[in-house]
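What follows is the residue order along each chain.
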Amino acid sequence: MSVAIEGLKPELVWKHFAAIARIPRCSKNEAAVAQYVLDAAKHLALVARQDKHGNVVVKKPATPGKENFRSLALQGHLDMVCEKNADKVHDFSKDPIELVRKDNTLMANGTTLGADNGIAVAANLAIMESSDIEHGPLELVFTVDEETGLTGAANLEPDFLESRTLLNLDSEDEGELYVGCAGGRNTTGFWRFDFEKAPPKSVAQTVWVKGLRGGHSGVEIDKGRGNSIKILNRVLIALSELSARVSSINGGNKSNAIPREAEALIFLPKNKIAQAQEIVGRHNEMIRAEIPSVEPDLVISLAERDSARKGRVLPKALQRRILRTLSAMPHGVTKMSADISWLVETSTNLAVVRTEKKQVVVTTSQRSSVASEFDEICESVKAVFELGKAKVESTDGYPGWKPNMNSSILKVARDTYQALFGKEPEVKAVHAGLECGIIAERFPGMDMVSFGPTLRGVHSPDEVIYIDTVEKFWKFLLGILKSMN
């Protein structure tokens, strides 16, 4: 058992959380953690099923006296976003997550923690193992590949679940009940090219942008956090005035994360290095001054590169098109809800740029809870790419989840929370993709609510879970199970 969880309550939840932290489970690599669930079910003599996509459901019979209660599904996803700091040595395909406890928080050492959505997996496993919880018939549902397109939920077969009431355990603020979410889609631009030789008498340099907070591109998109790709691009446009030639530009890792770090390999005339340092220094001061309270640790630097890949650069005209496209590309909130003052209605995230052998690839992610606005922001991003002469591809995306304020399970959840904690929970919608939208589409009539303990910094190495909220989350969950009829 990890020292970081010693003495924490509820013991069973933390035991399983620490166990799955040792199992690699990046999106599309959930086989081992799914097997952990199947092995646990077998050990407990519970009926389990895994579909051809990797999703797992475990059925637990009702406790005595509750056999005629309606069947309830408890759902979370097996995969996690795998992000690490640039200086952290960690192989997500084999290395365990190193848990670190600090006061009232649990975090990881230089990587994402995986509490999104490992806490749901751990809670379901704890319920499977517990023998002293009152509940009706349960279906414990573990989906795959939520973080890179919600494809596990999208491929659930109609006969996979009997329940028509579901608790999604994938929200991030204790005391809040979520009854709606945004739909989303990725739009990607590609530029094909052949490298040219770097100009004679030029020196290889690396431009870095580091120290940004990043975060979830839905939940944190309205926080004014810096985008490393946007910042790097501003510097590269300025350095282009000194005849800088770009060899590669890379930043961000996931479409659903605000990019925290970015770098470019460039070639500069030897006699322009001092001027380049001045430009980078000015941008460092200027951009830090733009977002001082939000990004106090931002650092932009320029350093000589000892070895460069044979002095190759992008064609000059292509370099200009790409940098101008990145400059024009929208990023952030494009519209707040007119009816709910705090709710982001529509946004877009400039997420990833990659330089490959024969192409530069830029990935963006759009979200909206309004279908017509969703189409509009996707078309706007596509138009920017096309004006930059990029080839454009879009994913199918995923649907939003329309709130139902007359929901039966919402009433049970509200009444239970009030009875347990003496106050009303907040009822909200979230500007992020929850599997509830897809589940509602796959299982018509499914009545749902989403909740969880408090997490911060998800999708980044700053991810933490607040320990005291886990016990409240667990008490609330068990309260709902007891109150169902």
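Coordinates for the structure precede this section.
An account of the accompanying structure is given in this report. (Residues numbered from 1 in each chain as written. Predicted model: local features only at pLDDT ≥ 70, side-chain atom pairs only at ≥ 80, totals over all residues. Heavy atoms only, no water.)

## Some remarks on the overall build of the protein chain
- Regarding its fold elements, the protein chain presents eleven helices and 23 strands.
- Counting every position in the protein chain, which comprises 485 residues, the buried fraction comes to 58%.
- The contacts of the protein chain with a sequence gap of at least 6 include a subset with a gap of at least 24, amounting to 79%.
- Within the structure as shown, the protein chain displays about 20500 Å² of accessible surface, and the carbon and sulfur contribution to it stands at 49%.
- Charge separation in the protein chain, taken as the distance between the mean sites of 61 positive and 63 negative side-chain charges, equals 7 Å. (Helix = DSSP H or I, 4+ residues; strand = E, 2+ residues; numbered from the N terminus. Buried < 20%, exposed > 50% of the residue type's maximum accessible area, 1.4 Å probe, protein only. Contact = heavy atoms within 4.5 Å. Areas by Shrake-Rupley, 256 points an atom, 1.4 Å probe, with all protein chains shown as cover. Lys, Arg positive; Asp, Glu negative; His and termini not counted. Charge placed at Lys NZ, Arg CZ, Asp CG, Glu CD.)

## Focus on a negative patch on the surface
- Together, Asp375, Glu376, Glu379 and Glu386 give the surface a local cluster of negative charge.
- Mapped onto the elements of the fold, Glu379 is located in helix 8 (residues 371-387).
- The exposure class of Glu379 is partly exposed, given its relative accessible area of 47%. (Patch = residues over 30% accessible without salt bridge, like charges linked within 9 Å, V, L, I, M, F, W, Y side chains within 5 Å. Salt bridge = Lys/Arg side-chain N within 4 Å of Asp/Glu carboxyl O.)

## Some thoughts on the state of the cysteines
- What the rule picks out here adds up to one disulfide.
- Across a sulfur-sulfur distance of 2.0 Å, Cys26 and Cys82 are joined as a disulfide pair. Linking Cys26 and Cys82, the disulfide has an S-S dihedral of approximately -115° and is accordingly described as left-handed. Note that Cys26 is positioned in the loop between helix 1 (11-21) and helix 2 (31-43) and Cys82 in the loop between strand 3 (72-77) and strand 4 (99-102), a separation of 56 residues in sequence. Accessibility assignment for this pair places Cys26 and Cys82 in one class, buried.
- Its sulfur unpaired, Cys181 is 6.4 Å from the next cysteine sulfur, which belongs to Cys436. (Disulfide = S-S within 2.5 Å.)

## What to know about the sheet that holds strand 23 (residues 464-466)
- Pairing is antiparallel in the open sheet, where four strands are placed in the order 4-5-23-22. Two strands close off the open sheet at either side, each with one partner strand: strand 4 and strand 22 (455-456).
- When strand 22 meets strand 23, the two strands line up antiparallel, connected through two bridges. Paired with Arg456 across the strands is Val464, a residue of strand 23.
- Its contacts with the sheet place helix 1 against strand 4, strand 5 (105-108) and strand 23, and it is angled at close to 135° to strand 4.
- Where helix 11 (residues 467-483) meets the sheet, its contacts fall on strand 4, strand 5 and strand 23, and the angle it forms with strand 23 comes to roughly 60°. (Pairing = 2+ DSSP bridges. Axes fitted to C-alpha atoms, helices over the stretch in contact; angles between N-to-C directions.)

## Overview of the packing of helix 5 (residues 228-240) against helix 7 (residues 316-328)
- Between helix 5 and helix 7, the shortest axis-to-axis distance is 9 Å and the interhelical angle comes to 135°. Accordingly, the angle class assigned to the pair helix 5 and helix 7 is oblique. Between helix 5 and helix 7 lies a crossing of left-handed hand. Here Ile229, Lys230, Asn233, Leu236, Ile237 and Ser240 of helix 5 come into contact with helix 7, specifically with Gln319, Leu323, Arg324, Leu326, Ser327 and Ala328. (Parallel < 35°, antiparallel > 145°, perpendicular 65-115°, else oblique. Left-handed = near helix turned anticlockwise from the far one by under 90°.)

## Comments concerning the pairing of strand 17 (residues 344-355)
- Most of strand 17 is tucked away: eleven of the twelve residues are buried.
- For strand 16 (residues 332-336) and strand 17, the ladder comprises four bridges, and the chain directions are antiparallel. Across the sheet, residue Val333 finds its bridge partner in strand 17, namely Ser347.
- In this structure, strand 17 lies alongside strand 18 (residues 359-368), joined through nine bridges in antiparallel fashion. Note that in strand 18 the partner of Thr346 across the bridge is Ser368.
- Between strand 17 and strand 18, which follow one another and run antiparallel, lie three residues.

## Points about the pattern of salt bridges
- Tallying each qualifying case throughout the model produces 21 salt bridges.
- The residue Glu174 makes a salt bridge to Lys472 at a minimum N-O spacing of 3.5 Å. With Glu174 in the loop between strand 7 (165-168) and strand 8 (176-181) and Lys472 in helix 11, this pair connects stretches of sequence that are 298 residues apart.
- With relative accessibility at 17%, the residue Glu174 sits in the buried group.
- Of the residues examined, Lys472 reaches a relative accessible area of 27% and is grouped as partly exposed.
- Notably, a salt bridge pairs Lys411 with Asp415, separated by 2.7 Å at the nearest N-O pair. Separated by four residues within a single helix, Lys411 and Asp415 lie in helix 9 (residues 408-421), roughly one turn from each other.
- Salt bridges here are not isolated pairs; linked through shared partners, they connect Lys59, Glu139 and Glu162.

## So, unusual backbone geometry
- Residue Lys9 is joined to Pro10 through a cis peptide bond whose omega torsion reads 0°.
- Its location among the elements puts Pro10 in the segment before helix 1.
- With a phi close to 55°, Asp145 is a non-glycine residue in the positive phi region.
- Even without being glycine, Ser243 reaches a positive phi, approximately 70°.
- Tracing the backbone shows Ser243 in the loop between helix 5 and strand 12 (245-251).
- Here Ser243 falls in the partly exposed class, since its relative accessible area comes to 43%.

## Some thoughts on the packing of aromatic side chains
- Using the criterion set out here, one finds seven aromatic pairs in the structure.
- A ring pair is formed by Phe193 and Phe195, whose centres lie 4.8 Å apart and whose planes are at 85°; its orientation type is edge-to-face.
- With relative accessibility at 7%, the residue Phe193 sits in the buried group.
- You can call Phe195 buried: its relative accessible area is 18%.
- With a centroid separation of 5.2 Å and an interplanar angle of 90°, the aromatic rings of Tyr417 and Phe476 are classed as edge-to-face. Of this pair, Tyr417 sits in helix 9 while Phe476 sits in helix 11, and the two are 59 residues apart along the sequence.
- The rings of Tyr417, Phe421, Phe451, Phe473 and Phe476 are connected pair by pair, giving a single aromatic cluster. (Phe/Tyr/Trp six-rings, centres within 6.5 Å; stacked < 30°, edge-to-face > 60°.)

## Quick look at the nonpolar core
- The biggest cluster of nonpolar side chains holds 69 residues, and the ones touching the most others in it are Leu74, Leu99, Leu167, Phe451 and Leu477.
- Looking at this core, the element that brings in the most residues is helix 3 (residues 115-129), giving ten residues.
- Setting aside anything within four residues of it in sequence, one finds Phe451 in contact with Leu167, Asn168, Leu169, Asp170, Ser171, Glu176, Leu177, Phe473, Phe476, Leu477 and Ile480.
- In terms of nonpolar packing, the next biggest core, distinct from the first, is built from 45 residues, Ile229, Leu232, Ala262 and Ala390 among them. (Core = buried A, V, L, I, M, F, W, Y, C linked by side-chain atoms within 4.5 Å.)

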